[in-house]
Every structure is written in structure tokens, then in C-alpha cells.
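Residues per chain, in single letters:
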Amino acid sequence: MIDKALELNERIGRRKGVARVFNLRGVLQQARGDSQQAEQSLLRSIEVAREVGDRVCMANAYQALGVIFKSRGESSAATILWRDARQIFDKVGITQRVCELDNLLTPPNKVAEAS
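Undergrad: Honestly, the overall build of the protein chain in this entry has me stumped. Any pointers?
TA: Looking only at helices and strands, one finds 7 helices and 0 strands in the protein chain. Helices and strands in the protein chain line up, N terminus first, as α-α-α-α-α-α-α. Its C-alpha atoms give the protein chain a radius of gyration of 15 Å, near enough to 13 Å, the size a compact globule of 115 residues would have. Dimensions of the protein chain, computed from the C-alpha atoms along their principal axes, are close to 55 × 30 × 20 Å. For the protein chain, the residues scored as buried account for 34% of the 115 residues in total.

Below is the structure:
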């Protein structure tokens, strides 16, 4: 189904749709435990989203890619991606996603201290 959606969006020249389908594909691959394929799909999503100016799609991909990097022990890279995603979500006014990213960016011991 995802491949058909990708093919259709590519055929009709709907680049924004291509970016979003790559994003969805990456998230599904990640959920299935295939982080290498997920990373490739998310990077492609970012590339196409950047070309068409779809900042929300880019932010979604940054957030998902950050989860992959964090799971590999690459915390610094994850933090950079999450900060970039947070900045975009903040600029476009998606406060729920800003809060989600604030939680990812706050170390667990800092959360406990704030309580």
C-alpha cells in the first residue's frame, strides 16, 4: 500500500505527497525494528520536504530520526534533530509537538527535580 501511494504521488508529480509517504514509510519501518531502512526513508523524506518547503514534514522526520539515533546511543545527534524539530513546530504553532519534544530533550533527572 505504501509503495502504491509513493508511486502514485511520484507519477502525478505531487512532491509534498512523496515526502509524506517517505516519512510514513520510515515510521512504519522503525516500528518494525528496521532502523537502517527507516533512516533511509526518513532522510529521503527530509530531502524532498526541504525541496518543497514542507516544514512540518521535515520536523516529523527529524523527530523520528532522533528516536533512531537515540536508540543507537547517538544522543548528541538525537538532541540536534529534536531541537531542530522543536524549533519548526514552535514556529508553526503546533504546541503539542513542542511539548513532546521538550519531554524528549529534558533529561529524566531534571524532570524529577522539577516535580
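Undergrad: How should I be thinking about the environment of E100 in this particular structure?
TA: Of note, E100 is situated in helix α6 (residues 95–105). Note: C-alpha distance between E100 and Q63 (37 residues apart in sequence) is 9.7 Å.

Undergrad: Teacher, can you tell me more about the nonpolar core here?
TA: Soluble, globular proteins show a tendency: their nonpolar side chains are buried together. Counting 27 residues, the largest nonpolar core has L42, Y62, L65, I68, F69, A85 and F89 as the members making the most contacts within it. Sorting the residues of this core by element identifies α2 (15–31), α3 (35–52), α4 (55–71), α5 (75–92) and α6 as the ones contributing at least two each. In terms of residue count, the dominant contributor to this core is α4 (9 residues). Excluding residues within four positions of it along the chain, L42 makes contact with F22, N23, G26, V27, A61, A64, L65 and I68.

Undergrad: Which parts of the structure should I look at to understand the environment of D84?
TA: Counting through the fold element by element, D84 comes out in helix α5. Take D84: its relative accessible area is 30%, and that puts it in the partly exposed class. D84 sits 18 residues away from G66 along the chain, and the two C-alpha atoms are 10 Å apart.

Each value, and the rule that gives it
Residues numbered from 1 in each chain as written. Predicted model: local features only at pLDDT ≥ 70, side-chain atom pairs only at ≥ 80, totals over all residues. Heavy atoms only, no water. Helix = DSSP H or I, 4+ residues; strand = E, 2+ residues; numbered from the N terminus. Rg over C-alpha atoms; globule rule 2.2 N^0.38 Å. Buried < 20%, exposed > 50% of the residue type's maximum accessible area, 1.4 Å probe, protein only. Core = buried A, V, L, I, M, F, W, Y, C linked by side-chain atoms within 4.5 Å. Contact = heavy atoms within 4.5 Å.

Without other data, these values stay purely geometric and don't point to any function.
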